[in-house]
Amino acid sequence: MTKGLVTIFGGSGFIGRHLVGRLAREGWSIRVAVRRPSAAKFLQPLGDVGQITAVRTPLGDALAVEAAVEGARAVVNLVGILYEKGTQTFAAVHARGAHTVAAAAAKADVRHLVHVSAIGADLHAEADYARSKGAGEAAVKTAFAAATILRPSIVFGPEDKFFNRFAAMARLSPALPLIGGGHTRFQPVYVGDVAGAIARALSDPGCRGKTYELGGAQVYTFKELMEILLRQIHRKRLLVPMPFAVAEMWGSVLELLPVPPLTRDQVRLLRHDTVVSPGSPSLADLGIEPTALEVVLPSYLDRYRPGGRFGETMAL
Ligand SMILES: NC(=O)c1ccc[n+]([C@@H]2O[C@H](COP(=O)([O-])OP(=O)(O)OC[C@H]3O[C@@H](n4cnc5c(N)ncnc54)[C@H](OP(=O)(O)O)[C@@H]3O)[C@@H](O)[C@H]2O)c1
C-alpha cells in the first residue's frame, strides 16, 4: 500500500538521490521535480515500475510548480545552488523559488512541507548564500507556517562535493589550502541521516512548524578534516594556511570559470563555523543517532588512493 504521493523538488541532486531511495523503500509514490528530467532517469531503478516519475519544473515557473504539487500529500524542497550563474541567482533559487514552492503547497492543501535550508541561514549574514537561505526560510514560514525546516551542516556521502573535491585536488596538487588557517569548525552530517531526518519529518506531525539543525557526531576544524581526508587516501600533502583576504582574491578569479571551484562568497561563508547552535532541535530530536564520518569515508574515498580507481597519479 502506498503512503501517498510526495513531490521532491531537487530530487536528482546529491541529497535527493538518497532521499528518493529511502522514501521509495518506505512505500511513497515519488514525483521528482527538476529542470532536467532526463538527468533524473537514473533514479527509476530505486523504486518499482511507475513508482518514481520526473517532471520538468524550473522554480521560476509558478504554473509548473503548481502542477508538480497537484495531488501530493507531502512536498520536499531540496533545490539549492553553491554559486550564481545567469538566471540561477541566490535570490531567484533560494528565496523566490522557496516561496513559490511553499505557496503552491499551501494552495494545494499539501499536508507536510519539508524545506531544506542550511546552518548559518540568516537574513543579516555576510555571505549572499546564507542571506538568501535566510530569506528563503522567512518566505516559507509566511506561505506555509507548518513547514518543517531542516538546516544541515556540510553533508558527506559518496557523491558529496566537499570530500570528493578535496580528494580530487589532492591527487593532482602537492598542497592543499587551509583557508583562514583552517580554523573554521564543521559538524559533517551523513547524507543517509539527512534523508532519515526528512523521512521522519514527513511522517511525524510533531515536527510541523519546527526548525532542526542537522550535525554529525563530532565537530572538526577544516584543518582536521583535511588531515582525516589525507590519511584516508594515503597521501601526504602540504597543508598551506591561506589568509581569508588572499582566498577572496583567488575566489574573484576562480568564480569566472564555468564551474567555479571557489568563489568570494564561499570564502565569506568560511569565516563562520557551521555547527549546530546550542539548544537547537537536532538529529537526536528526530530519533536519529548520527553516523560517524570515519565509518563512511572509506566506502568512497579509497578510490582516490594511489592505485585506486581515481588514484593513478604518483603518491608524493
Ligand atoms: N550538500 C551539502 O553539503 C549541503 C549542506 C547544507 C545545505 N544543503 C542544502 O540541501 C539542499 C540539497 O543539496 P544537494 O547537495 O543535494 O544539492 P545538489 O546536488 O546541487 O542538487 C540540487 C538540485 O536542485 C535542482 N535545481 C537546481 N536549480 C533548480 C531550479 N532553478 N529549478 C528547479 N530545480 C533546480 C537540481 O536539478 P537540475 O539542475 O536538473 O534542475 C538538483 O536536483 C540544497 O538546498 C542545499 O543548499 C546542502
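Keep in mind that this is a model prediction, so the values were computed, not measured.

(A) Highlighting the overall build of the protein. The helix and strand tally for the protein stands at 10 helices and 13 strands. At 19 Å, the protein has a C-alpha radius of gyration in line with the 20 Å of a compact globule built from 316 residues. Projecting the C-alpha coordinates of the protein onto the three principal axes gives extents of approximately 55 × 40 × 40 Å. Looking at the 316 residues of the protein, the share that counts as buried comes to 51%. Residue pairs at least 24 apart in sequence account for 76% of intrachain contacts in the protein once pairs closer than 6 positions are excluded. Of the charged side chains in the protein, 36 are positive and 27 negative; the average position of the first set lies 4 Å away from that of the second.

(B) Representation of the pairing of strand β6 (residues 148–152). Here β6 lies mainly inside the structure; five of its five residues are buried. Judged by which residues are buried, β6 turns out to be covered on both faces: Thr-148, Leu-150 and Pro-152 on one side and Ile-149 and Arg-151 on the other are all buried. As paired strands, strand β5 (residues 112–116) and β6 are joined by three bridges and run parallel to one another. Each residue of the ladder has a partner; that of His-115, found in β6, is Ile-149. Pairing geometry for β6 and strand β11 (residues 211–214), over four bridges, is parallel.

(C) Region of the structure containing the nonpolar core. Core analysis: the largest hydrophobic core is formed by 37 residues, its most contacted members being Ile-30 and Ile-198. Counting residues per element, this core draws most heavily on helix α6 (residues 191–203), which supplies eight residues. Leaving out residues up to four positions away in the same chain, Ile-30 has contacts with Leu-5, Val-6, Ile-8, Val-20, Leu-23, Ala-24, Gln-51, Ile-52 and Thr-53. Of all hydrophobic cores here, the second largest spans 31 residues; its members include Phe-162, Ala-170, Leu-230 and Ile-233.

(D) Structural context of the site of the ligand. Taken together, 25 residues sit near the ligand, with Ser-12, Phe-14, Arg-35, Gln-88 and Lys-133 positioned nearest. Here an oxygen atom of the ligand sits 2.8 Å away from a polar atom, N or O, in the side chain of Lys-133. At the level of elements, α1 (14–26) and α4 (128–143) are the ones that each hand at least two residues to the shell around the ligand. When its residues are assigned to classes, the shell around the ligand shows 13 nonpolar, eight polar and four charged.

(E) A look at helix α8 (residues 244–254). Of all the positions in α8, only Phe-244, Ala-247, Glu-248 and Gly-251 are classed as buried. The buried residues of α8 all sit within an arc of 105° when viewed along its axis, so they share a single face. In α8, the exposed positions that point more than 90 degrees away from the buried face belong to Ala-245, Met-249 and Val-253. Residues of α8 that are buried in the fold lie against β8 (175–179), β13 (238–242) and α9 (264–270).

(F) Quick peek at the packing of aromatic side chains. A complete count under the given rule lists eight aromatic pairs for this structure. Centre to centre, the rings of Phe-186 and Phe-222 are 6.3 Å apart; their planes meet at 50°, and the pair counts as tilted. Here Phe-222 lies in helix α7 (residues 222–232) and Phe-186 lies in strand β9 (residues 185–186), a separation of 36 residues in the sequence. The pair formed by Phe-186 and Phe-222 is uniform in burial state, with each residue classed as buried.

(G) Structural detail: unusual backbone geometry. The phi angle at Asp-109 is positive, at roughly 65°, despite the residue not being glycine. Of note, Asp-109 is situated in the loop between α3 (90–107) and β5. On the basis of relative accessible area, Asp-109 is assigned to the exposed category, the value being 67%. For His-234, which is not glycine, the phi torsion reads 55° and is therefore positive. Relative to the assigned elements, His-234 resides in the loop between α7 and β13.

(H) Representation of the pattern of salt bridges. Per the stated rule, a full pass over the model turns up 15 salt bridges. Glu-66 serves as the salt-bridge partner of Lys-107, at 3.2 Å between the closest nitrogen and oxygen. Taken together, the residues Lys-107 in helix α3 and Glu-66 in helix α2 (residues 62–69) connect sequence positions 41 residues apart. On the accessibility criterion, Glu-66 (30% relative accessible area) is partly exposed. A salt bridge links Arg-305 to Asp-302; its shortest N-O distance comes to 3.4 Å.

(I) Structural context of a nonpolar patch on the surface. A grouping of Val-246, Met-249 and Trp-250 is seen on the molecular surface, where their side chains present a nonpolar patch of about 310 Å² in accessible area. Mapped onto the elements of the fold, Trp-250 is located in helix α8.

(J) Here's a closer look at the environment of Gly-80. By the secondary structure assignment, Gly-80 is in the loop between β4 (74–77) and α3. Judged by relative accessible area, Gly-80 falls into the partly exposed class, the value being 45%. Separated by 100 residues in sequence, Gly-80 and Gly-180 place their C-alpha atoms 25 Å apart. Residues contacting Gly-80, with those up to four places away along its chain left out, are Val-93, His-94 and Lys-133.

Parameters and conventions
- Residues numbered from 1 in each chain as written.
- Predicted model: local features only at pLDDT ≥ 70, side-chain atom pairs only at ≥ 80, totals over all residues.
- Heavy atoms only, no water.
- Helix = DSSP H or I, 4+ residues; strand = E, 2+ residues; numbered from the N terminus.
- Rg over C-alpha atoms; globule rule 2.2 N^0.38 Å.
- Buried < 20%, exposed > 50% of the residue type's maximum accessible area, 1.4 Å probe, protein only.
- Contact = heavy atoms within 4.5 Å.
- Lys, Arg positive; Asp, Glu negative; His and termini not counted.
- Charge placed at Lys NZ, Arg CZ, Asp CG, Glu CD.
- Pairing = 2+ DSSP bridges.
- Core = buried A, V, L, I, M, F, W, Y, C linked by side-chain atoms within 4.5 Å.
- Near = heavy atom within 4 Å.
- Polar contact = N/O pair within 3.5 Å; in protein donor to acceptor, adjacent residues only side chain to side chain.
- Nonpolar A, V, L, I, M, F, W, Y, C, P; charged D, E, K, R; others polar.
- Arc of directions from axis to C-beta.
- Phe/Tyr/Trp six-rings, centres within 6.5 Å; stacked < 30°, edge-to-face > 60°.
- Salt bridge = Lys/Arg side-chain N within 4 Å of Asp/Glu carboxyl O.
- Patch = residues over 30% accessible without salt bridge, like charges linked within 9 Å, V, L, I, M, F, W, Y side chains within 5 Å.
- Areas by Shrake-Rupley, 256 points an atom, 1.4 Å probe, with all protein chains shown as cover.

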